[in-house]
Amino acid sequence: QVQLVESGGGSVQAGGSLTLSCAASGNTAAISAIGWYRRIPGSKRELVADFAAGGKIRYADSVKGRFTISRDNAKNTVDLQMNSLKPEDTGVYYCNADSYYGGKFNDYWGQGTQVTVSS
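Residues numbered from 1 in each chain as written. Predicted model: local features only at pLDDT ≥ 70, side-chain atom pairs only at ≥ 80, totals over all residues. Heavy atoms only, no water.

Novice: Give a detailed account of unusual backbone geometry, specifying residues and quantitative values.
Specialist: For asparagine 76, which is not glycine, the phi torsion reads 60° and is therefore positive. Its place among the elements puts asparagine 76 in the loop between strand 7 (67–72) and strand 8 (77–82). For serine 84, which is not glycine, the phi dihedral falls at a positive 50°. One can find serine 84 in the loop between strand 8 and strand 9 (91–101). Under the relative-accessibility criterion, serine 84 is labelled partly exposed at 41%. (Helix = DSSP H or I, 4+ residues; strand = E, 2+ residues; numbered from the N terminus. Buried < 20%, exposed > 50% of the residue type's maximum accessible area, 1.4 Å probe, protein only.)

Listed below in structure tokens is the structure:
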């Protein structure tokens, strides 16, 4: 069992920055992948950035060069530093984690945090 709690969302003007944080608890040792997704109004949920299985870091093309994902394994937190924010970044951002334990796969989601970027 893994619990994910996001924080750091808010409203900023275009060009501004926000840092989102995801705090994982529970059986964090079983987490194989963790990262951030978002749902922009009018579009499907999409990957923003994550630490994929095997430790690879992935970024959506739309955020490369602007967003940076970081992880603190000791604290079980994953941050998303978002710079040069654009209005099209507006949406709900979700922390996601996959875990494998006892031969079982589980997919966990946080409650989401709103990011609003005004022009």
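That covers the picture; the talk isn't over yet.
Novice: Provide a residue-level description of the sheet that holds strand 7, including the pertinent values.
Specialist: Here 4 strands make up an open sheet; going across it, the order is 1-3-8-7 and the pairing antiparallel. With one partner strand each, in any of the chains shown, strand 1 (2–7) and strand 7 form the two edges of the open sheet. Going across the sheet, the axis of each strand differs from the next one's by a mean of 15°, ignoring polarity. For strand 7 and strand 8, the ladder comprises 6 bridges, and the chain directions are antiparallel. Across the sheet, residue threonine 68 finds its bridge partner in strand 8, namely glutamine 81. (Pairing = 2+ DSSP bridges. Axes fitted to C-alpha atoms, helices over the stretch in contact; angles between N-to-C directions.)

Novice: Explain the state of the cysteines to me, using residue names and the numbers behind them.
Specialist: Counted according to the given criterion, the structure contains 1 disulfide. The side chain of cysteine 22 participates in a disulfide bridge whose partner is cysteine 95; the two sulfur atoms lie 2.0 Å from each other. Judged by the sign of its S-S torsion, about -75°, the bond between cysteine 22 and cysteine 95 is left-handed. Here cysteine 22, found in strand 3 (residues 18–26), pairs with cysteine 95, found in strand 9; they are 73 residues apart in sequence, far enough to count as distant. The same class applies to cysteine 22 as to cysteine 95, namely buried. (Disulfide = S-S within 2.5 Å.)

Novice: How would you summarise the side chain of arginine 38 if you had to cite specific residues and measurements?
Specialist: Summarising the element assignment, arginine 38 is placed in strand 4 (residues 31–39). The exposure class of arginine 38 is buried, given its relative accessible area of 3%. At 3.3 Å, the side chain of arginine 38 forms a polar contact with the side chain of serine 62. Side chain to side chain, arginine 38 and tyrosine 93 meet in a polar contact 2.8 Å long. What arginine 38 contacts, discounting residues up to four positions off in sequence, is Lys44, Arg45, Glu46, Val48, Ser62, Val63, Phe67, Asp89, Val92 and Tyr93. (Polar contact = N/O pair within 3.5 Å; in protein donor to acceptor, adjacent residues only side chain to side chain. Contact = heavy atoms within 4.5 Å.)

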